[in-house]
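Working through the structure, step by step
Next come the chains, spelled out residue by residue.
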Amino acid sequence: MRDDENLTTERATFVTNLECSATGARYAADELHNLSRERKPLLVRYDLAGIKKALTKDALARRPRDLWRYRELLPVRRARHIVSLGEPVTPIMAMPRLAKTLKATEILVKDESRLPTGSFKARGLAMAVSMAKALGVAHMAMPTNGNAGAALAAFASRAGIKTTVFCPEDTPEVNVREIALQGATVYQVNGLIDDCGKIVAEGAAKVGWFDTSTLKEPYRIEGKKTMGLELAEQLGWDVPDVILYPTGGGTGLIGMWKAFAELEAIGFLGAKRPRMVAVQAAGCAPIVGAFDAGEEHAPRWQDAHTIASGIRVPQAIGDFLILRAVRASGGFAIAVPDDAITAAIDEVAREEGLLLCPEGGATYAALKQALADGRIRREERVMLFNCATGLKYPLPPLHRPLDRLKPIDFAAL
Ligand SMILES: *Cc1c(COP(=O)(O)O)cnc(C)c1O
């Protein structure tokens, strides 16, 4: 049985208010919100002093091994509003063979492929859909490169909420089909994800859809924040020296940075932070451009293209939050070409048996590049993120037939 009596009282999650990420202005909790008046993302704030008194590491250790174990630091107030497809704590896998080859001390992979719908978008959408259910939303809409739409469709169908989803026309077929199969109405748009986002914004204004775009909705980031809570707990309340994160909208990177601050405030972590590295594809690297230029915002990237569709985001509304976290952590932003991503997937699958998605492959390619140019040192403990199962992406073709009716030269096989 779930140990969730705390969740049944109004005090349970310690949410105090929402806050504009640009101005710090306060917004009421328990009301529907999208962006702040300044059209910036809203962040959820908690009574961290209250959590510090109420939660111990020991109590936490006894709870079920899923995302909801961090309920004091999550926005859902009542257990009956939780919409769940079973969100396990994802494993951290070491890659000892590749570490040896690269003469690196330790390379870890947080393998998010084990989540419902096969990607870490499930973390954010479990939270967003639960909050939508709590606040009485009837119809959610979203632009997606694939994985977020699939997670929205699955969780919303489970909650009995209608969904309309827009993806770029070249979104992998498997994503489009799983979105449709899981109950959403899905359209293939002749444009990129931000073009799809404009359609959602217009529909929200005209017919009242709830806009579930990442960071235009305040709770997806709280779901993705659990990656930071989880990895710190898994490492015995410690953090790695470096985290390489495949960055599209940047929700996960911003969310983990928020998680570490909250864990320090409740006394679970010290002041040590990982260096946060934003990894992008060379064919769509707005954050890398802005980081190198010392800018706070990143202009829209023209002609975005990459096989890593999850990070094909030409413009991110949280660009300034990504850049702030990366800079405050002493990290950097780095772009890798698609052929390096393909080679990385191949190498990791052959050497370590982990079938990474292209975005996950990008983090390994970035690690190799950064070890070579000295931006990451060999003695640093490194964590990569594999954000989806490689099985959701086109795999390299193979044709090797065997005629069983002819003699087989076994020595040559
Ligand atoms: C969405 C996505 C990303 C990017 O995540 P953000 O937190 O939005 O930057 C990376 N990889 C995969 C597989 C994704 O689906």
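Residues numbered from 1 in each chain as written. Predicted model: local features only at pLDDT ≥ 70, side-chain atom pairs only at ≥ 80, totals over all residues. Heavy atoms only, no water.

**Quick word on the overall build of the protein**
Each helix and strand counted, the protein has 13 helices and 13 strands in total. Here the C-alpha atoms of the protein give a radius of gyration of 21 Å, agreeing with the 22 Å that 2.2 N^0.38 yields for 413 residues. Across its three principal directions, the C-alpha atoms of the protein cover 70 × 50 × 45 Å. Scored against the burial criterion, the 413 residues of the protein give a buried share of 58%. Restricting the contact set of the protein to residue pairs at least 6 apart, pairs at least 24 apart contribute 71%. Just so you have it, the protein exposes about 17100 Å², and 53% of that area is on carbon and sulfur atoms. Positive and negative charge centroids in the protein, built from 53 and 49 side chains respectively, lie 3 Å apart. (Helix = DSSP H or I, 4+ residues; strand = E, 2+ residues; numbered from the N terminus. Rg over C-alpha atoms; globule rule 2.2 N^0.38 Å. Buried < 20%, exposed > 50% of the residue type's maximum accessible area, 1.4 Å probe, protein only. Contact = heavy atoms within 4.5 Å. Areas by Shrake-Rupley, 256 points an atom, 1.4 Å probe, with all protein chains shown as cover. Lys, Arg positive; Asp, Glu negative; His and termini not counted. Charge placed at Lys NZ, Arg CZ, Asp CG, Glu CD.)

**Quick look at the sheet that holds strand β6 (residues 139–143)**
The strands making up a sheet associate through hydrogen bonds between their backbones, and the pairing can be parallel or antiparallel. With parallel pairing, the four strands of this open sheet are ordered in space as β8-β7-β6-β9. The open sheet terminates on both sides in strands that have one partner only, identified here as β8 (185–189) and β9 (210–211). Sheet topology places β6 next to β9; two bridges connect them, and they run parallel. Bridge pairing in β9 places M140 opposite F210. (Pairing = 2+ DSSP bridges.)

**Structural notes on the packing of aromatic side chains**
Following the criterion strictly, the structure yields five aromatic pairs and no others. Here W237 and F268 contribute two aromatic rings whose centre-to-centre distance is 5.0 Å and whose plane-to-plane angle is 75°, an arrangement assigned as edge-to-face. Of this pair, W237 sits in the loop between α8 (220–234) and β10 (242–246) while F268 sits in the loop between α9 (251–265) and β11 (275–281), and the two are 31 residues apart along the sequence. Taken individually, W237 and F268 each receive the classification buried, so the pair is uniform in this respect. (Phe/Tyr/Trp six-rings, centres within 6.5 Å; stacked < 30°, edge-to-face > 60°.)

**Structural notes on the layout of surface pockets**
In this structure, the largest pocket spans a volume of roughly 760 Å³. The wall of the largest pocket is formed by 42 residues, among which I193, T214, G249, V313 and Q315 lie closest to the centre. Elements with a minimum of two residues in the lining of the largest pocket: β6, α5 (147–159), α7 (193–207), α8, β10 and α9. With four residues, the top contributor of residues to the lining of the largest pocket is α7. Tallied by class, residues from the lining of the largest pocket come to 17 nonpolar, 16 polar and nine charged. (1 Å grid on protein atoms, 1.4 Å probe; cavity = no way out; pocket = protein on both sides within 12 Å on 5 of 7 lines; lining within 4 Å. Points joined across faces, edges and corners; volume = space filled by probe spheres on them. Nonpolar A, V, L, I, M, F, W, Y, C, P; charged D, E, K, R; others polar.)

**Quick word on the domain arrangement of the protein**
Here the domain parsing of the protein yields domain 1 (5–81), domain 2 (92–114 + 225–391) and domain 3 (121–211). Taking only C-alpha atoms, the centre of domain 2 and the centre of domain 3 are 25 Å apart. Facing 14 residues of domain 2, the contacting portion of domain 3 comprises 10 residues. Approximately 1000 Å² of surface area, both sides summed, lies buried where domain 2 meets domain 3, with 39% of it carried by carbon and sulfur atoms. At the surface where domain 2 touches domain 3, the tally comes to five salt bridges. (Domains from an automatic or database assignment. Buried area = accessible area lost by both parts, 1.4 Å probe. Salt bridge = Lys/Arg side-chain N within 4 Å of Asp/Glu carboxyl O.)

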